Amino acid sequence: MDRRGSQEYIDTPHRRADAASSDSISNSERSISFPMNDSSSSKESGSPSKSLCSSASSSSENVPALEMKMLKDSTVFPQSDESPLLPGEVTQGMAIDVTYLCPYSDFVKGTLTVTNYKLYFRGSDREPPFILDVPLGVISRVEKIGGVSSKGENSYCLDIICKDMRNLRFAHRQENHSRRQVFEKIQQYAFPITNKLPLFAFEYKEEYGVAGWSVYDPEAEFRRQGVPNDSWKISRVNEKYELIDTYPALLGVPKSATDEELKLVSAFRTRGRLPVLSWIHPRSLATITRSSQPMVGVAGKRNKDDENYIVKIMDSNAHSNKLFIMDARPSVNALANKAKGGGFESEDAYTGCEVSFLDIHNIHVMRESLRKLKELVFPTIDDSKWLSNIESTHWLDHIKQILAGAVKIADKVENNKASVLVHCSDGWDRTAQLTSLAMMMLDPYYRTLKGLEVLIEKEWLSFGHKFAQRVGHGEDKHSDADRSPVFLQFIDCVWQMTRQFPNAFEFNEHFLVTILDHLYSCLFGTFLFNSEQQRVKEMKVRENTKSLWSFINYQMDDFINPLYAEYLHQHVLFPVASMRRLEIWTGYYCRWNPRMRPQEPIHLRNRELLVLKAQLQKKVEELQKEREAKNVRGILQSQPRVSSPVNI
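Think of each chain on its own: its residues are numbered from 1, step by step along the sequence as written. Local features are withheld for residues below a pLDDT of 70 in this predicted model, meaning they are given only at 70 or higher, and side-chain atom pairs are given and counted only at 80 or more; totals for whole chains, interfaces and linings count all residues. Just so you know, side-chain values use all the structure's heavy atoms and leave hydrogens and water out.

As recorded in an unreviewed UniProt entry, the protein goes by phosphatidylinositol-3,5-bisphosphate 3-phosphatase and comes from Potamilus streckersoni. UniProt positions are given in the numbering used here, feature names are shortened, and annotations may be inferred rather than shown by experiment. Per UniProt, the protein has the following entry under Sequence similarities (unreviewed entry): "Belongs to the protein-tyrosine phosphatase family. Non-receptor class myotubularin subfamily."

(A) Up close: the overall build of the protein. Looking only at helices and strands, the protein features 20 helices and 17 strands. Only protein chains enter the accessibility calculation, which uses a 1.4 Å probe; a residue whose area is less than 20% of its type maximum is buried, one above 50% is exposed, and one in between is partly exposed. When the 648 residues of the protein are sorted by exposure, 58% land in the buried category. The contact criterion used is simple: two residues touch if any of their non-hydrogen atoms lie within 4.5 Å. Residue pairs in contact within the protein that sit at least 24 positions apart in sequence constitute 73% of those at least 6 positions apart. Under the convention used here, a 1.4 Å probe and the Shrake-Rupley method define accessible areas, while residue burial counts only the protein chains that appear. Summing over all exposed atoms, the protein offers an accessible surface of approximately 27400 Å²; the carbon and sulfur share of this is 50%. In this text, helices come from DSSP runs of H or I with a minimum length of four residues, and strands from runs of E with a minimum of two, each type numbered from the N-terminal end.

(B) Structural context of the nonpolar core. Joining through side-chain atoms within 4.5 Å is the link that ties buried Ala, Val, Leu, Ile, Met, Phe, Trp, Tyr and Cys residues into a set, and such a set is a nonpolar core. Ranked by internal contacts, the top residues of the largest apolar core, which has 123 residues, are F487 and Y589. With 10 residues, the single largest contributor to this core is helix α10 (residues 395-414). Contact partners of Y589, with chain neighbours within four places excluded, come to M165, L370, L373, V377, W395, L488, D492 and I584. Residues V253, F268, I280 and I325 belong to the second largest nonpolar core, which totals 30 residues.

(C) Fine view of the pairing of strand β10 (residues 167-171). Any two strands with at least two DSSP-identified bridges between them are counted as paired. In terms of strand pairing, strand β4 (residues 91-100) meets β10 through 2 bridges, oriented antiparallel. Residue pairing for β10: Y100 is matched across the bridge by F170. Of the pairings in the sheet, the one linking strand β9 (residues 157-162) to β10 comprises 5 bridges and is antiparallel in character. If you follow I161 over to β10, its bridge partner there is N167. Linkage of β9 to β10, two consecutive antiparallel strands, is achieved through a turn of 4 residues, within which M165 is found at a positive phi near 75°.

(D) Fine view of the layout of surface pockets. Considered as a void within the structure, the largest pocket measures approximately 830 Å³ in volume. A cavity, in this analysis, means grid points on a 1 Å lattice covering only the protein atoms where a 1.4 Å probe fits yet has no way out; a pocket is instead an open set bounded by protein on both sides within 12 Å along at least five of seven lines, and a residue lines either one if it has an atom within 4 Å of a point. As for the largest pocket, its lining consists of 35 residues, and the residues nearest its centre are S140, I161, C162, K163 and K374. Listed by contribution, the elements that provide at least two residues to the lining of the largest pocket are β8 (139-145), β9, β10, α8 (363-377), α13 (467-472), α14 (486-500) and α15 (509-521). In terms of residues, the lining of the largest pocket owes the most to one element, α8, which gives 6 residues. Following the grouping adopted for this structure description, the nonpolar residues are Ala, Val, Leu, Ile, Met, Phe, Trp, Tyr, Cys and Pro, the charged ones are Asp, Glu, Lys and Arg, and the polar ones are all others, Gly among them. In terms of residue class, the lining of the largest pocket is made up of 17 nonpolar, 6 polar and 12 charged. Grid points are joined across faces, edges and corners, and a volume is the space filled by probe spheres set on the points.

(E) Just the sheet that holds strand β17 (residues 419-423), in detail. Ordered by their spatial adjacency, 5 strands build an open sheet running β13-β14-β17-β15-β16, and the pairing between neighbours is mixed. Two strands in the sheet have a free side with no partner beyond their single neighbour: β13 (276-280) and β16 (353-357). In this sheet, adjacent strand axes meet at a mean angle of 25° when their direction is disregarded. Strand direction decides the pairing type here: β13 and strand β14 (residues 287-291), joined by 4 bridges, are antiparallel. Paired with V276 across the bridge in β14 is R290. Axes, fitted as lines to C-alpha atoms, cover a helix only where it is in contact. Angles between the N-to-C directions of the axes lie from 0 to 180 degrees.

(F) Main features of the environment of K322. With respect to the element layout, K322 can be found in the loop between α6 (304-315) and β15 (323-327). Of the residues examined, K322 reaches a relative accessible area of 34% and is grouped as partly exposed. Taking the C-alpha atoms as reference points, K322 and S419, 97 residues apart in sequence, are found 7.5 Å from one another. Aside from chain neighbours lying at most four places away, what touches K322 is M314, G352, E354, A418 and S419. For the purposes of these results, a polar contact is taken to be a pair of N or O atoms within 3.5 Å, where, inside protein, one atom must be able to donate a hydrogen and its partner to accept one; residues adjacent in sequence count only when each atom of the pair is a side-chain atom. A polar contact is formed between the side chain of K322 and the side chain of E354, at a distance of 3.0 Å.

(G) Just the packing of aromatic side chains, in detail. Whether two aromatic rings pair depends on their centres lying within 6.5 Å, for rings of Phe, Tyr and Trp, where Trp uses its six-membered ring; planes under 30 degrees apart make the pair stacked, over 60 edge-to-face, and the rest tilted. Here the structure, examined in full by the defined rule, presents 33 aromatic pairs. Grouping aromatic residues by their ring pairs yields a cluster made of Y117, F200, Y204, Y208, F524, F551 and Y554. If you follow R179 out to its NZ or CZ, it ends over the ring of Y156, 3.8 Å from the centre. Here the guanidinium or amino end of R224 rests over the ring plane of Y446, the centre of that ring lying 5.2 Å away. Two conditions define a charge located above a ring, namely a distance within 6 Å from the ring centre to NZ of Lys or CZ of Arg, and an angle within 35 degrees of the ring normal.

(H) Expanded view of the UniProt feature "active site" (unreviewed entry) in the protein. UniProt annotation of "active site" (unreviewed entry) refers to C424 when read in the numbering used here. Mapped onto the elements of the fold, C424 is located in the loop between β17 and α11 (430-442). Residue class for C424 comes out buried when judged on its relative accessible area of 3%. Beyond its immediate chain neighbours, meaning those up to four positions away, C424 contacts S291, S292, Q293, D327, A328, R329, D429, R430 and T431.

(I) Up close: empty space enclosed by the protein. What the rule picks out here adds up to 6 cavities of 30 Å³ or more. In this structure, the second largest cavity spans a volume of roughly 80 Å³. As for the second largest cavity, its lining consists of 13 residues, of which Y216, F222, P248, L250 and F463 are closest to the centre. Going through the elements one at a time, α4 (218-224), β12 (251-254), β13 and α12 (449-462) are the ones with two or more residues in the lining of the second largest cavity.

(J) Layout of the confidence of the model for the protein. Across the protein, the average pLDDT comes to 87, with 84% of residues at 70 or higher. Scored from 0 to 100, pLDDT records how confident the predictor is in each individual residue. For residues 53-79, every residue scores under 50 in pLDDT, and the model assigns this stretch 95 contacts once sequence neighbours within four places are set aside.

(K) A look at the packing of α11 against α14. Remark: α11 packs on α14, axes separated minimally by 10 Å, with the N-to-C direction vectors making an angle of 20°. Considering their axes alone, α11 and α14 lie roughly parallel with respect to each other. The two elements α11 and α14 meet at a crossing, and its hand is right-handed. Facing Q433, S436, L437, M440 and M441 of α11, the residues of α14 in contact are V486, Q489, F490, C493, V494 and M497. Of the residues in the contact of α11 with α14, the class split is 8 nonpolar, 3 polar and no charged. Relative orientations are named as follows: roughly parallel for angles under 35 degrees, roughly antiparallel for angles over 145 degrees, roughly perpendicular for angles from 65 to 115 degrees, and oblique for any other angle. Handedness of a crossing follows from how the near helix is turned relative to the far one, being left-handed for an anticlockwise turn of less than a right angle and right-handed for a clockwise one.

(L) Representation of the side chain of Q225 within the structure. If you trace the backbone, Q225 turns up in the loop between α4 and β11 (232-235). Of the polar contacts made by the side chain of Q225, one reaches the side chain of E221; its length is 3.1 Å. Among the polar contacts made by the side chain of Q225, one reaches the main-chain amide nitrogen of I280 at a distance of 3.2 Å. When residues no more than four places from it in sequence are discounted, the contact partners of Q225 are S278, W279, I280, Y446 and K458.

Structure below.
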């Protein structure tokens, strides 16, 4: 029998459907979407879909009862079992009579569809239908459970292990012969790089009418910081990415440094990543610079060019004659790196420098910590041992160390008026965590929605954080030692700060969750590849993909914190990096568990607060105008009607 042509598995590699309607409803906490299967594409109607399937999924298991009623009343669901498609999305296959083994509710029977972007399951035994909408980019690996000899109704399964803190299991009927075909389609389109296929971001054709790729202009950001000035300049020595292929094209360097000097210093730093400017204090001109480790080795090699360059960074700050070098690593690890030709600066060789180690562990330790956390929070949580189990993962210990290191950097810059050089080994993981968090503490601009977009573009994307390797976009290498939750930890630290300063950030939790969802989804080109050079020169992502910031800025109100008080928080923030103040981000790590979520949908409350805030602001403006009018009338009434004579 031809399995591929069987009734239960319908293979439709060339069939296209219309785009999701802009009327889809999004759950702001979990990015839940229920797109309508409209007869005209959103592109044709001129209104792009506001709710995209994200790794949060459109699962009704994640929607409280009240919200499900609202969705049922206001949402038009597709009448067929076919998946609503995004522009550029193509259905690759469909299997019917599949059972989703939900860990939180009764098992659900329905239809499973695989496209070149997502896995779409639609239940057939309840109303409104149970919907599970999962981008293939979040899949880490797929496993077959059970064989021909397996007994039991739901023993012949596919296990899907995801990168976003959940696993999915689908049971197939053996006689339908659908499991193998679904497995093959998921393997093919969840790992397109492995299968020499394009990532879906290059197929996605939505238009938002918002220029997300223009959010970050490096020259404009330098000018905002007051560069160039008497001490710093913008260098184009790396304009063609020939000096340092993992650095941006434009670099902030000391004004007196020549291109030849920069090349000599680059030769003494791991992967050529010489110290360059990240941020400059608007008043004291103290700076945060970043680099990789110097290649001193076991013999303790010295390099006069590097030492003189560090002096130039120190001399650019007239308020201090000391430069603090913050090495993100534990001191033991930094010493061990000497055996590999790396190491750290000697205070004897680098006059006026003070070296500190911030004890942040490497990517392998962080990956193992996240694995333990996932085992703890999914699928069930042991309440009786919650605190001790959390402690055993050491996840919050790592978050504390990262935040404490950033606070230390911000304190030196703000209170000591001293410049700080930050590095780890290569300067693209822990270094990015520390510089970006310290900059957020020091500069209120980065605490706005667009400011955080700029910060991510600047400190993470342009400075070569290896997103492709750390996340594993499109590659079937789930055990790759290069994978690590470095960027996730940064976003977690940002969330911890928003908990301590709830009025100081313009964006809300949904913004942070959406960023993480599309870190994995491969829907946008923003987080693809390992460096600016790969995105700009090799893959041309600006020309061929959409930016995540286009999607977010198109519907900015969904991501605004209604409690934001800009006028109160123009100062430096120093969060408390203590275990007493840190907590597990249940809104992200535990969001698949319906028992861990607030009963009231937070996104609805936020919208109500934003409306109320707008009304109150309008009332304040009206009262201010009324008071000004009264003051003017009072001045006019107090003036004499007849001018007094002037005696000369």
